[in-house]
Amino acid sequence: MAPDEDLSQLTDEEYLIHRAKEQQLVDPCAAKCWMITAQALFPKNFGIQFEVYQIEKAAKNVKEAAKCLGVLLREFSLEPVLWREVDSIMTALRHTTPDPASSFLTCLFNMLPKDVQLSMVVSAAERSQDTMTRCRLMLLLTTTFPETTAHHGLQLVESLLAAEKHCTSPLNPYRRMLVCDLLPRLLQTQGLEVRPKTLHNLLSRAIEFYITYVTTSPKLLQGTLENESKMEDPWQQLFTVVQLIGWNLGWDLVKGFQSTSNREVILQRIQNLIEGGARLGGPKGEGGEDVREVLYTTLTIFLHALMDYTKRLYPDFNSEGSSGGSGTGAPVMTLVEAFVYPDTEADDPVMAKRSRPSLDDDPTIPIITGSRPTPPGPTPTTTPTVGGAVVGGLGGVGGPGGGIAAAGGLSQALTTAIKCWDILKSYDQLRTGLEKHRT
């Protein structure tokens, strides 16, 4: 605008704002005086009140800016310009690595009264037209205002389940938010009331997500999840979800799920429960909670043991650059075992010299024989093989590329997986539940 050329066409409110902006760079105190005058003359004018807020924000006066923002939210809640500013604040709150601008907005938000903060986030979520943004804001409610978790958390569960219907794979950002971010917080809420059927559904989705995640190569994972950062210890995260859902359902078997190292202890408890007369068959057991408790806990232990076995036998399984888990394109063979020690003493001096003190103590521990392609380069002398297969008892199993894997753990993983599978296939109700998971 040319000097004083069109000032006569400005309203009184616009003139005062113009003078304040004019002085802002050369004399901030004079600019503030102009705005104080404008506020006094036109207390109900949004443009003036918003400009006062902008001046305080530019001056990094967090306390005064928060006070002005509170007035704007109370008096001018329908102004689109105001909600664009609120959206900027909401974006800043979700930043994991905030910059100076977002840090200031976060501080500004924290200076607001709690009721204003809550109202702001709720309104921002309700006004959002983007499904993922709305879900993020509802998740923010549960983390910022724990007292609202039971109410808003259950609403978010419904929103995420509805949004996921348009996704073709369990590996999608809605499922990840549900099982990784929301459930661990929601399921620890005091006084939470959720139908058992809903909890069973959530547990099924959690198992499906984590199993798909750990069996998908890093290369294929790229682009499937919104947050592509590597998930830390997905098995422990799954065990935690199983434990929390089990607590809400009153399951005794989940007491050991605080650590994946308790796998065999949990299996023993499952066996004790079955031997103690758990209702797994017949009219009383049909659809009963005993069936679901044994089904979900045994299935989780089985899948963990099976993956543990596979990773021990094929350490490069599912790693970056591997093909089909073997690194050579050959098919991976798992759960191939021999309970009878192979008769190789006459043909293989290496195997003839191997001692098996553990079998003298416990003859039920199997000898593991799994097909594995020979890795490129010279075969390590420490790797016992029979007919191109890797063989292991409790003494040692050769790993690809050299080194000895702990065969005790390999045998234990295989034995645990077999025992779990026997349980799952021994009762009609468990078999029915297992078939539902397959489909």
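Placed above this text is the structure.
Residues numbered from 1 in each chain as written. Predicted model: local features only at pLDDT ≥ 70, side-chain atom pairs only at ≥ 80, totals over all residues. Heavy atoms only, no water.

Asks: Would you take a moment to explain the packing of helix α10 (residues 173-186) against helix α11 (residues 196-214) for this structure?
Replies: The description of two helices packed together rests on the angle between their axes and the distance between the axes. The N-to-C vectors of α10 and α11 enclose an angle of 110°; their axes lie 10 Å apart at closest approach. Our classification of the angle between α10 and α11 gives roughly perpendicular. Two packed elements cross with a definite hand, and for α10 against α11 that hand is left-handed. Here Arg175, Arg176, Leu178, Val179, Cys180 and Leu183 of α10 lie close against α11, whose contacting residues are Leu202, Arg205, Ala206, Glu208, Phe209 and Tyr210. In terms of residue class, the contact of α10 with α11 is made up of 8 nonpolar, no polar and 4 charged. (Axes fitted to C-alpha atoms, helices over the stretch in contact; angles between N-to-C directions. Helix = DSSP H or I, 4+ residues; strand = E, 2+ residues; numbered from the N terminus. Parallel < 35°, antiparallel > 145°, perpendicular 65-115°, else oblique. Left-handed = near helix turned anticlockwise from the far one by under 90°. Contact = heavy atoms within 4.5 Å. Nonpolar A, V, L, I, M, F, W, Y, C, P; charged D, E, K, R; others polar.)

Asks: Quick question: what am I supposed to make of the pattern of salt bridges here?
Replies: Here the idea is simple: oppositely charged side chains can pair when their charged atoms come close. Evaluated as defined, the whole model comprises 9 salt bridges. Residues Arg263 and Glu264 are paired through a salt bridge, measuring 2.8 Å at the closest nitrogen-oxygen approach. For Glu264, a relative accessible area of 26% puts it in the partly exposed group. The shortest N-O distance in the salt bridge between Arg312 and Asp308 comes to 2.9 Å. Taken together, the residues span about one helical turn, with Arg312 and Asp308 both in helix α16 (residues 289-313) at a distance of 4 residues. For Asp308, a relative accessible area of 17% translates into the label buried. Here the residues in one salt-bridge network are Glu164, Arg175, Arg205 and Glu208, joined through shared partners. (Salt bridge = Lys/Arg side-chain N within 4 Å of Asp/Glu carboxyl O. Buried < 20%, exposed > 50% of the residue type's maximum accessible area, 1.4 Å probe, protein only.)

Shape descriptors only; they carry no functional weight alone.
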